[in-house]
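Descriptive structure summary
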Amino acid sequence: MRHTVSENESASFPKLVNRVHFLKSETKGMEQMCEIMDLDVSEYECALSGQMSAYSEDVRA
């Protein structure tokens, strides 16, 4: 089932509705979201590797 934007949502938040549509439906928007997700994943991996090294030092002590 596909969500459709009601006239009320579009009238209340037109910029938000247009931006979400762009990010979800347009090729350029999807590319931007992929770039953001890639950055987010790399930051998460760095944080996780830092936590794992701190954990392994605690275990050795």
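Worth saying up front: this structure is predicted, and the values here are computed from it rather than measured. (Residues numbered from 1 in each chain as written. Predicted model: local features only at pLDDT ≥ 70, side-chain atom pairs only at ≥ 80, totals over all residues. Heavy atoms only, no water.)

Moving on: the overall build of the protein. Regarding its fold elements, the protein presents three helices and zero strands. The buried share among the 61 residues of the protein stands at 3%. Surface accessibility of the protein: about 5800 Å² in total, with carbon and sulfur atoms responsible for 59%. (Helix = DSSP H or I, 4+ residues; strand = E, 2+ residues; numbered from the N terminus. Buried < 20%, exposed > 50% of the residue type's maximum accessible area, 1.4 Å probe, protein only. Areas by Shrake-Rupley, 256 points an atom, 1.4 Å probe, with all protein chains shown as cover.)

Taken together, the side chains of Phe13, Leu16 and Val20 make up a nonpolar region of the molecular surface, amounting to roughly 290 Å² of accessible area. In this structure, Phe13 sits in the loop between helix H1 (7-12) and helix H2 (14-25). (Patch = residues over 30% accessible without salt bridge, like charges linked within 9 Å, V, L, I, M, F, W, Y side chains within 5 Å. Salt bridge = Lys/Arg side-chain N within 4 Å of Asp/Glu carboxyl O.)

Averaged over every residue, the pLDDT of the protein is 74; residues scoring 70 or more account for 64%. Mean pLDDT across the elements of the protein bottoms out in H1 (68) and peaks in H2 (88). (pLDDT = per-residue confidence, 0-100.)

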